[in-house]
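As a plain string of letters, each chain reads:
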Amino acid sequence: MIIKEEVRKALESGMPVVALESTIIAHGMPYPKNVETARAVEKAIREEGAIPATIGIIEGEIHVGMDDDELEEFGKRKGVLKISKRDLPICVAKKMWGATTVSATMLVAEMAGIKVFVTGGIGGVHRGAETTFDISRDLRELGETDVAVVCSGAKAILDIPKTLEYLETEGVTVLSNKAKTFANFYSLSCDGPVDYSFDDPKEAAQILYEKEKLKLKGGVLISNPIPEEYALPHEYIDSYVNQAVKECEEARIKGKDSTPFLLKRIVELTGGKSLEANIALVLNNAHVGAQIAKELAILRKENNL
Ligand code: PSU
Ligand code: MN
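Below is a short write-up of the structure. (Residues numbered from 1 in each chain as written. Chains lettered and ligands numbered in written order. Predicted model: local features only at pLDDT ≥ 70, side-chain atom pairs only at ≥ 80, totals over all residues. Heavy atoms only, no water.)

A few points about the side chain of E72
Structurally, E72 is set in helix α4 (residues 68-76). Discounting residues that sit within four places of it in the chain, E72 has contacts with Y31, V35 and R39. (Helix = DSSP H or I, 4+ residues; strand = E, 2+ residues; numbered from the N terminus. Contact = heavy atoms within 4.5 Å.)

Below is the structure:
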């Protein structure tokens, strides 16, 4: 594992570090918006006083923290693999390029000692999972790996109530930032309630800190709704999501290819509106995630954890 100097120093001195995934760059957004977003997200984290660490695999080497050229390469290179937990050893052995999903990024973040990770939306239970069994590895990883994931809920292409049920089965603590409902990715509508909401990043950090002290295995999901001015009306986006899901089935696109197909198709159907929303929510998550990482770093330092 190659930890970028700046990230290593920050970790050693107990400064706040925020992990970022590379699948959203390589498979979640089109070039060049993907690279612009990756850079803007890193900048947002720095503005809050934390250090960003984008995670990905370059020629079989796991990188924690990337420079601008590496981000660019993840954004435009052809044939970058989409890496979930099961793909990690293969990508390393074959010395290939791999973009890490939420599950693989969580694993690497935990290995590196990073406590907070920011993304757009996690993977979850797919619509029709009762027949396809398509449930993202992300949910199991949240059950097992000690990293807090700040996101705008699960991606809108999924079955949100079933995703929430699965998170409960996995024992994942779900916290919602200033909202009583689970964030609904592109929109502000409600597909499910969240039991606990917080108003201040300190509150969220306190919960992460207590969880660590109790040595409870597994992640915490921090749900952060899209800023109101960027939210898309639910009826508007849902019709396109449904159309894309239908097209995905008709084209017999399955497994790991379905999420990239759906996101791309929804960008086309909305004339780019979904992409703008996706970028806005990730950036907002970066600010909130960095604030929580900062508060957590203070608590850990004060208590010599
Ligand atoms: N969030 C986004 N865009 C993305 C993803 C998340 O805004 O592209 C990626 C994450 O890497 C997540 C993956 O882990 O989609 C889920 O893929 P799957 O449904 O195949 O598990
Ligand atoms: Mn899947």
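With respect to the site of ligand 1
Not every one of the 19 residues close to ligand 1 is listed here, only the nearest: E21, K82, S136, D138 and K155. Interatomic distance of 2.7 Å between a side-chain N/O atom of D138 and an oxygen atom of ligand 1. A distance of 3.2 Å separates an oxygen atom of ligand 1 from a polar atom in the side chain of N278. In isolation ligand 1 exposes 480 Å². Once the protein is present, 94% of that is buried. (Near = heavy atom within 4 Å. Polar contact = N/O pair within 3.5 Å; in protein donor to acceptor, adjacent residues only side chain to side chain. Areas by Shrake-Rupley, 256 points an atom, 1.4 Å probe, with all protein chains shown as cover.)

Considerations on the side chain of H126
By the element assignment, H126 lies in the loop between β7 (116-118) and α7 (129-132). Among residues more than four places away in sequence, those in contact with H126 are D134, I157, L158, D159, S258 and T259.

Comments concerning α4
Residues spaced three or four apart along an α-helix face the same direction, because each turn holds 3.6 residues. Considered for burial, the residues of α4 that qualify are E70, L71, E72, F74 and G75. Those residues of α4 hidden inside the fold are in contact with α2 (23-26), α3 (33-47), β3 (51-58), β4 (61-64) and β6 (98-100). With a side-chain oxygen lying 3.2 Å from the backbone nitrogen of D69, the N-terminal cap of α4 falls on D67. (Buried < 20%, exposed > 50% of the residue type's maximum accessible area, 1.4 Å probe, protein only.)

Focus: the nonpolar core
Generally speaking, nonpolar side chains in soluble globular proteins are found buried as a group. Core analysis: the largest hydrophobic core is formed by 97 residues, its most contacted members being I122, L167, F182, Y186, L221 and I222. With twelve residues, the top contributor of residues to this core is helix α13 (residues 273-302). In contact with F182, other than residues within four places in its own chain, are G153, A154, I160, L164, L167, V174, S189, G192, P193, V194, L221 and S223. (Core = buried A, V, L, I, M, F, W, Y, C linked by side-chain atoms within 4.5 Å.)

Read these as spatial facts, not as claims about activity.
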